[in-house]
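As a plain string of letters, each chain reads:
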Amino acid sequence: MAGLHSSSRPSSSSSLSSSSSSSSSQQVFTSRLLLLLTLLPLTLAFFAFVLQWRGGLTDPVTRWSPDPFQFPGMDNPGSNVGSDRRSGSDCIDLLGRSKSPAFPYFKDWKFDVGSDLNPKICIISSTSAGLEQTLPWIFYHKVIGVSTFFLFVEGKAASPNVSKVLESIPGVKVIYRTKELEEQQAKSRIWNETWLASFFYKPCNYELFVKQSLNMEMSIVMARDAGMDWIIHLDTDELIHPVGAREYSLRQLLAGVPGNVDMVVFPNYESSVERDDVKEPFTEVSMFKKNYDHLPKDVYFGNYKESTRGNPNYFLTYGNGKSAARIQDHLRPNGAHRWHNYMKTPNEIKLDEAAVLHYTYPKFSDLTSRRDRCGCKPTKEDVKRCFMLEFDRAAFIIASTATEEEMLRWYREHVVWTDKELKLKLLRRGILTRIYAPMVIIQGLRDSGLFGSVIQSAQTTLSKEIKSSNTSRVDKPGMISSRKIGVKETTATARRILEIPNETSYESAIPPLSPPILDGLHIGI
């Protein structure tokens, strides 16, 4: 037994020695691995810093900030004309670095777009808005590739202080609503057709709908004369959101549309304001409610009640989007939301990603501004003469009958998204979404001093002309020269359109339509 114990001791000692050696080796390996894992990210971070410092790397933040190399939607960074000009205070990007603004299409503070843009896109709008809304709207769309604007102006937009600035911007054609214009449109083809007739001789929104359609008809002739490829009807509270192309560019988006497509539909997203004191919606609103067309049916209907928040419908106002039409023979409007063709049924596609961002009642003052524009009685029956959609009717009644405090409380309950848990829930489910690109673009334009420069330039160069023409222009309808509404330039072309035989009757124009409603659900407010 003693021999057995004696012979086992060396074996135990050897095992302990081997175990100690293995443990020591493992500790050394672990230490080296930890050192490697520590040094590797530090080395990569240092390498990335050197690349960015030398201009070899563009980080995601500077990509979307006002940048001297390239701005979202532009694929021609070589054009740097005007980049050496600075405003009183340099543009500060999101990283806090001071930069002089520069855009590929930006020339002498005017975005003087050349003839090399392809395809050529124009926007037609009927507006009474002031410069605080119209200038950001125009230049945002210039940034994403729109070259020409046909603005049919009334009210504030037709006042000398606003219209002279609009007229000074290259690519902007201002058309005033005068007696002469109305007489010309009363002789137009669609005035005498049945598809628009049901909207005639009604006030407020119905009247606007007819004006928009007549203006769209006239703008087709103007667009063709100007060599445009595409035409879009937008209001000045709407922005095109051209996602889905390689860059944030409407030109690139439409350039990729097959040649046999006549019309492209942009589903609309509706702004979802989170405060009741918004002043500049384009730069203060980032949350939007997605369109039914961009949502799975089960998600849309499964969250319908929570999304409406007691309002009559999923959207406050319309939900059938806006469209772009290819300029071609026999094109005509089909209401403010669609286009049509006298000789064929247009081949239409609907985009899966791109949208129109509709800033709906984003300011509390929008309640009273609608009230002040319409002369209907604030009763449930009479408002039907003025408004096509239920929420507009309810808002008009509240604005006409409630006190300021009651109006604000109603606005917070029905328009403002104050429930943080509900917002988070609907954001996670995809009903709500955050969109920042338009906000960043317009803020960059504002910070660059562009808007102030445009206004100052117009005041300097056009003040004498405005003084001499004020007495015969906006304040006296019917006293304006025909050149202001483009009669001389477009009469011959318009006559060719009117000569097309008018023997076919068409379905009624497509009005603003609400999104699909949940079966069996009707909410009144």
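Residue indices begin from 1 for each chain and proceed along its sequence in written order. For this predicted model, a pLDDT threshold of at least 70 governs which residues receive local features, and a threshold of 80 or more governs which side-chain atom pairs are given and counted, while totals over whole chains, interfaces and linings are taken from all residues. Heavy atoms throughout the structure, all of them, feed into the side-chain values; hydrogens and water do not.

1. Examining the confidence of the model for the protein
- Looking at the protein, pLDDT values average 79 and 71% of them are 70 or higher.
- In predicted models, pLDDT denotes the confidence assigned by the predictor to each residue on a 0 to 100 scale. Should any heavy atoms of two residues lie within 4.5 Å, those residues are considered in contact. Considering only residues more than four positions removed or in separate chains, one finds that residues 1-18, a stretch of pLDDT under 50, has 0 contacts.

2. Side note on the packing of helix 5 (residues 179-186) against helix 6 (residues 205-225)
- Helix axes are fitted to C-alpha atoms over the stretch in contact, other axes to C-alpha atoms as well, and angles between N-to-C directions run from 0 to 180 degrees. By definition, any uninterrupted DSSP run of H or I lasting at least four residues is a helix, any uninterrupted run of E lasting at least two residues is a strand, and each is numbered from the N terminus. Two elements in contact, helix 5 and helix 6, have axes separated by 11 Å at closest approach and are oriented at 85 degrees. Taken together, helix 5 and helix 6 sit at an angle that is classed as roughly perpendicular. On helix 6, the residues that touch L181, Q184 and Q185 of helix 5 are L214, N215 and M218.
- Under the convention adopted here, Pro, Cys and the residues Ala, Val, Leu, Ile, Met, Phe, Trp and Tyr are nonpolar, Asp, Glu, Lys and Arg are charged, and Gly plus all remaining residues are polar. The residue makeup of the contact of helix 5 with helix 6, split by class, is 3 nonpolar, 3 polar and no charged. Should an angle fall under 35 degrees it is taken as roughly parallel, and over 145 as roughly antiparallel, whereas 65 to 115 is taken as roughly perpendicular and any remaining angle as oblique.

3. Some words on the sheet that holds strand 3 (residues 121-127)
- Here, any two strands with at least 2 DSSP bridges between them count as paired. If you walk across this open sheet you meet the 7 strands as 5-4-3-6-11-8-14, and the pairing is mixed. Of all strands in the sheet, those with a lone pairing partner are strand 5 (172-176) and strand 14 (348-350), marking the two edges. Direction aside, the axes of adjacent strands within the sheet are offset by 20 degrees on average.
- Note: strand 3 against strand 4 (residues 148-153), 6 bridges, orientation parallel. Within strand 4, the residue paired with T127 across the bridge is V153.
- Its contacts with the sheet put helix 6 on strand 3, strand 4, strand 5 and strand 6 (230-233), and the angle it makes with strand 4 is roughly 145 degrees.

4. Here's the deal with the pattern of salt bridges
- What counts as a salt bridge is simple: a side-chain nitrogen of Lys or Arg found within 4 Å of a carboxyl oxygen of Asp or Glu. Tallied over the full model, the rule gives 23 salt bridges.
- Here K211 and E207 are joined by a salt bridge, their closest N and O atoms 3.6 Å apart. In this pair, K211 and E207 both sit in helix 6, 4 residues apart, roughly one turn of the helix.
- Burial classes follow relative accessibility: with a 1.4 Å probe on protein chains only, a residue under 20% of its type's maximum area counts as buried, one over 50% as exposed, and anything between as partly exposed. The exposure class of K211 is buried, given its relative accessible area of 17%.
- Look at the salt bridges and you will find they share partners, linking E154, R177, E182, E207 and K211 into a network.

5. Points about the state of the cysteines
- Two cysteine sulfurs form what is called a disulfide whenever their separation falls within 2.5 Å. All chains considered together, the criterion is met by 2 disulfides.
- Each disulfide pairs two cysteine sulfurs, and for C204 the partner residue is C374, the sulfurs being separated by 1.6 Å. Taken together, the residues span a long stretch of sequence, with C204 in the loop between helix 5 and helix 6 and C374 in the loop between helix 11 (365-373) and helix 12 (390-401) at a distance of 170 residues. Taken as a pair, C204 and C374 share a single burial class, namely buried.
- One disulfide bridge connects C376 with C386, the sulfur atoms lying 1.6 Å from each other. Taking the torsion about the S-S bond as the criterion, the C376 to C386 disulfide, at about 85 degrees, is right-handed.

6. Describing the nonpolar core
- The biggest cluster of nonpolar side chains holds 74 residues, and the ones touching the most others in it are W137, I138, F139, L166, L250, F266 and L367.
- For this core, the element with the most residues is helix 3 (residues 131-143), which contributes 7 residues.
- Other than its neighbours up to four places away in sequence, L250 contacts I121, I144, V146, I232, I240, P242 and F266.
- Counting residues in hydrophobic clusters, the runner-up holds 18 residues, among them I124, F152, M216 and M228. To define a nonpolar core, start from buried Ala, Val, Leu, Ile, Met, Phe, Trp, Tyr and Cys residues and group those joined through side-chain atoms within 4.5 Å.

7. Remarks on the pairing of strand 6
- Where burial is concerned, the two faces of strand 6 agree: the one with W230 and I232 and the one with I231 and H233 are both buried.
- Relative to strand 11 (residues 322-326), strand 6 runs antiparallel, the two being bridged by 3 bridges. Bridge pairing in strand 11 places I231 opposite A325.

8. Overview of the packing of helix 12 against helix 13 (residues 404-414)
- The N-to-C vectors of helix 12 and helix 13 enclose an angle of 155 degrees; their axes lie 10 Å apart at closest approach. As far as their axial angle goes, helix 13 and helix 12 are roughly antiparallel. The two elements helix 12 and helix 13 cross, and the hand of that crossing is right-handed. Counting all contacts with helix 12, which are made through F391, A394, A395, I398 and A399, the residues of helix 13 involved are M407, W410 and H414. Should the near helix be turned anticlockwise from the far one by less than a right angle, the crossing is termed left-handed; should it be turned clockwise, right-handed.

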